[in-house]
Amino acid sequence: MTRQIAFNLFEMNCVGHISHGLWVHPENNRHRFNDLDFWVETAKLLEAGLFDSVFLADVIGTYDGYRGGPETALREAVQIPSNDPLLVIPAMAAATRHLGFAATFSTTYEPPFAFARRASTLDHLTKGRFGWNIVTSYLPNAARNFGLADEVEHDQRYAIADEYLDVLYKLWEGSWDDDAVVEDREKRVYTDPSKVRYINHRGPHFSVAGPHLSAPSLQRTPVLFQAGSSVAGKAFAARHAEGVFVGGRDAAAYRDNVADLRRLAVANGRGADHIKAFASAVVIVGRTAKDAQRKADEYRRLSSAEGYLAHAGGGGIDLAAYRPDEVIDDILARENRPGRDRQPSNRRHPAGTTVGEALERITRFDRGPFVAIGTPMEVADEIERWVEGTDLDGFNLRQFLTPGTAEDFVELVVPELQRRGLYRRSYEESTLRERLFGAGNTRLFDQHPGARYRGGAHLGGDAVPLAAREGAAHAAAGPATPSYA
Ligand SMILES: Cc1cc2nc3c(=O)[nH]c(=O)nc-3n(C[C@H](O)[C@H](O)[C@H](O)COP(=O)(O)O)c2cc1C
């Protein structure tokens, strides 16, 4: 059977996500992002186009590394103003039945307990359609927003994230049994306390007693996405992630990275197909090649190099401050700024890249790696070629115009992919995890590290069921007389 390709719309609750400058286009609706109708309309469009999900990026600081301040980011609307990604999901869920929702949340600055509840709430409200993009955050300004002088060092962020995930698995998977909620009106027992337990997690970074405040949702653990490309990031992905955004300079690099990821997953006792691999996709489609080219030219003309530079300068180095022939690694080695990512493998620029080359790459949206500009046939050919050559499972569609990019895709590309058997003709599954892994796979695979806490196993000696504690027996049986009669 031909493999169907997954498509998510790459979104962010802001004006300028990654296509900088295009908010000025008269047909762009990005300025409406504060309006709930904007999100409801987006969700309906994507569900009509049978998208897998809407994927919401997020940052929790501003890009103030470029030219020494946030002025450019503010002027160009580079991810500021921006709103919370989680809060628009219930409205989109109410307007749809199948579309998935993956939202970004950082493990570095807020402790895990409250997020565990928010995620469970969203999984309940969406009926199992919630996914989480795990990030460790990269903006120095984000650190300063949460009481730190500078960023936590790169690999240390991943070490914190590992413990963060461990706490979440204990809460999501281990704290409540599936049959804990009995809702027995006659016996006056809503939840059977013998089936709920403290987790009593104590680790180097977090101390969390539990119990989890939410009852188990359909998926329990939301579908876990991640986009680490460093050694530590890939190791983290191989342990935890179910969907990974891989990178690479070209199709061959993507193929190697996907293969590497699957190999690492197997080394972690997971299946090679327990991780789905995604790439960002630039798709500019027109009814004719000329029409597509006209759109691409227009986007190029309206693109803001300053916007891209502000974006790039926020988490790395201010490229405007150096000579074009300087090698970026030399600059980083020379400056050795505390808190920054020091290992060459953690850098976003390949070894030997000069400032001039990075500028050229950063300020042009059409330099790849996956760029398809043309007719529906040409675009579908390119998508098919890439999937065959890389073993990718799907794409995050980058937007140039909202809703234009998604509308074009739904109207022109989806029918062509359907004709080739590469895109669904209807939704078959109900939860997001089933969409990725097939019907019946609503919960984590047994080999996933989160699954080990099921039924309260491996929680440790302190994690006793509530009913086993002294004095809890009465609570389990309920009061003898109604307290409100
Ligand atoms: C497609 C994609 C989406 C990403 N979305 C976000 C995001 O929304 N917020 C964020 O802080 N980082 C985001 N990142 C950055 C990653 O979380 C990560 O920091 C980056 O890929 C570098 O990985 P490394 O730290 O392992 O080197 C994204 C990366 C990719 C490739």
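Our subject is the structure listed above.
The sections below set out a description of the structure shown in this document.

### Overview of the environment of L261
Here L261 shows up in helix α8 (residues 251–267). Take L261: its relative accessible area is 4%, and that puts it in the buried class. For the pair L261 and K276, spaced 15 residues apart in sequence, the C-alpha to C-alpha distance is 9.6 Å. Setting aside residues no more than four positions away along its own chain, L261 makes contact with A237, V244, V246 and I275.

### So, the pairing of strand β9 (residues 223–226)
Judged by which residues are buried, β9 turns out to be covered on both faces: V223 and F225 on one side and L224 and Q226 on the other are all buried. Pairing between strand β4 (residues 130–135) and β9: 4 bridges, direction parallel. Counted as the bridge partner of I134 is Q226 from β9. Where β9 meets strand β10 (residues 243–245), 2 bridges bridge the pair, whose relative direction is parallel. Across the sheet, residue F225 finds its bridge partner in β10, namely G243. For the crossover that starts at β9, traverses helix α7 (residues 231–240) and ends in the parallel β10, the hand is right-handed.

### What about the nonpolar core?
Core analysis: the largest hydrophobic core is formed by 84 residues, its most contacted members being F51, W132, I383, F395 and F409. Per-element tally for this core: the top contributor is helix α6 (residues 154–174), with 10 residues. Apart from residues no more than four positions distant in its own chain, F51 is found in contact with F7, N8, L9, L46, L99, L397, F409, V410, Y423, R424, Y427 and R435. Judged by nonpolar contacts, the second largest core, of 24 residues, contains I18, A102, F245 and F445.

### Some words on the packing of α8 against helix α13 (residues 376–390)
It is the contact of α8 with α13, at a shortest axis distance of 8 Å, that shows an interaxial angle of 45 degrees. In terms of orientation, α8 lies oblique with respect to α13. On the side of α8, the interface is formed by A251, Y254, R255 and V258, while α13 contributes W386, G389 and T390.

### Examining the site of the ligand
In the vicinity of the ligand lie 16 residues, with D58, H154, Y158, A227 and S230 positioned nearest. Separating an oxygen atom of the ligand from a side-chain N or O atom of Y158 is a distance of 2.8 Å. Within the side chain of S230, an N or O atom sits 2.6 Å from an oxygen atom of the ligand. For the ligand, whose accessible area on its own is 620 Å², the fraction buried by protein is 81%.

### Some words on the pattern of salt bridges
Per the counting criterion, the structure on display carries 36 salt bridges. The salt bridge involving R300 is made with D366; its shortest N-O contact spans 2.6 Å. Here R300, found in helix α9 (residues 289–302), pairs with D366, found in the loop between α12 (355–362) and β12 (371–374); they are 66 residues apart in sequence, far enough to count as distant. A residue is classified by how much of its surface remains accessible, and R300, at 34% relative accessible area, is partly exposed.

Rules of the game
- Residues numbered from 1 in each chain as written.
- Predicted model: local features only at pLDDT ≥ 70, side-chain atom pairs only at ≥ 80, totals over all residues.
- Heavy atoms only, no water.
- Helix = DSSP H or I, 4+ residues; strand = E, 2+ residues; numbered from the N terminus.
- Buried < 20%, exposed > 50% of the residue type's maximum accessible area, 1.4 Å probe, protein only.
- Contact = heavy atoms within 4.5 Å.
- Pairing = 2+ DSSP bridges.
- Right-handed = clockwise from strand over helix to strand, strands pointing away.
- Core = buried A, V, L, I, M, F, W, Y, C linked by side-chain atoms within 4.5 Å.
- Axes fitted to C-alpha atoms, helices over the stretch in contact; angles between N-to-C directions.
- Parallel < 35°, antiparallel > 145°, perpendicular 65-115°, else oblique.
- Near = heavy atom within 4 Å.
- Polar contact = N/O pair within 3.5 Å; in protein donor to acceptor, adjacent residues only side chain to side chain.
- Areas by Shrake-Rupley, 256 points an atom, 1.4 Å probe, with all protein chains shown as cover.
- Salt bridge = Lys/Arg side-chain N within 4 Å of Asp/Glu carboxyl O.

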